[in-house]
Amino acid sequence: MPDFSLPMNGGGTWSLKDAAGKNLVIYFYPRDQTPGCTREAQEFRDLHGAFRKAGTVVVGISRDSVASHDKFAARDRLPFPLLADTGETVCRLFDVIKPKSLYGRKYLGVERSTFLLDGSGRLRQQWRGVKVTGHAEAVLEAAQRL
């Protein structure tokens, strides 16, 4: 996996090398503070201790701004970084920008997707077109098997 860096909530920049030697969950989501994205973030939040115990770092990525991420993380007490990919660089690296349709309107958006990398940065598992309920638990089980 090529290294990348993105601005994160709370200030600063997060880089792939920040997770070196640890398992890494990168989950891509469409928008801050929407019902499905909030539920997904809360599920990862509620399992955060178990992910840490499994030696796994969790980060969320969307195209929203750092300011939007700051509000989202504060409102929902998210203990992991939210990365702002406003230029879609990392979204395109992981091929999560897909054609979507809402009420007949077609647009390009982020397909809810999650990627699990091992401590050497190798992709071990991916989930695309994710349904939120129970997803974080399935990702945790996969991380615990690494």
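These notes cover the structure that comes with them.

### Comments concerning the packing of aromatic side chains
- Applying the stated rule across the entire model yields ten aromatic pairs.
- Ring centres of Y27 and F44 lie 4.6 Å apart, and the angle between their planes is 15°; this geometry places the pair in the stacked category. In this pair, Y27 sits in strand 3 (residues 23–28) while F44 sits in helix 1 (residues 35–46), placing the two residues 17 residues apart along the sequence. In this structure, Y27 and F44 share a single accessibility class: buried.

### Quick word on the sheet that holds strand 8 (residues 113–117)
- With mixed pairing, five strands are arranged side by side in an open sheet as 5-4-3-8-9. Looking along the sheet, the strands with just one partner apiece sit at the ends: strand 5 (82–84) and strand 9 (123–128). On average, adjacent strands in this sheet sit at an angle of 20° to one another, irrespective of strand direction.
- Bridge count between strand 3 and strand 4 (residues 56–62): six bridges; the pairing is parallel.

### Re the nonpolar core
- In this structure, Y27, F44, F51 and L82 are the most contacted members of the largest nonpolar core, which totals 21 residues.
- Contributing elements (two or more residues each) for this core: strand 3, helix 1, helix 3 (66–75) and helix 5 (135–145).
- Of all the elements, helix 5 adds the most residues to this core, at five residues.

### Looking at helix 3
- Along helix 3, the residues that are buried comprise H69, F72 and A73. Mapping the buried residues of helix 3 onto a view down its axis gives an arc of 95°, with all of them on the same face. Exposed side chains of helix 3 directed beyond 90 degrees from the buried face belong to K71 and A74.
- Just past helix 3, the residue R77 takes up positive phi, approximately 50°.

Criteria and thresholds
- As a convention, each chain's residues are numbered from 1 in the sequence order in which they are written.
- Local features are withheld for residues below a pLDDT of 70 in this predicted model, meaning they are given only at 70 or higher, and side-chain atom pairs are given and counted only at 80 or more; totals for whole chains, interfaces and linings count all residues.
- For side-chain calculations, the full set of non-hydrogen atoms in the structure is used, while hydrogens and water are omitted.
- Between 30 and 60 degrees the pair is tilted, below 30 it is stacked and above 60 it is edge-to-face, where a pair is any two Phe, Tyr or Trp rings, Trp via its six-membered ring, whose centres lie within 6.5 Å.
- Each helix corresponds to a stretch of at least 4 residues labelled H or I by DSSP, and each strand to a stretch of at least 2 residues labelled E; elements are numbered beginning at the N terminus.
- Note on classification: 1.4 Å probe, protein chains only; a residue is buried when its accessible area is under 20% of the maximum for its type, exposed when over 50%, partly exposed between these limits.
- For two strands to count as paired, DSSP must find a minimum of two bridges between them.
- To obtain an axis, a line is fitted to C-alpha atoms, over the contacting stretch when the element is a helix, and the angle between two such axes runs from 0 to 180 degrees between their N-to-C directions.
- By convention a nonpolar core is built from buried Ala, Val, Leu, Ile, Met, Phe, Trp, Tyr and Cys residues, the set being connected through side-chain atoms within 4.5 Å.
- Each direction from the helix axis to a C-beta atom contributes to the arc, which is the arc of those directions.

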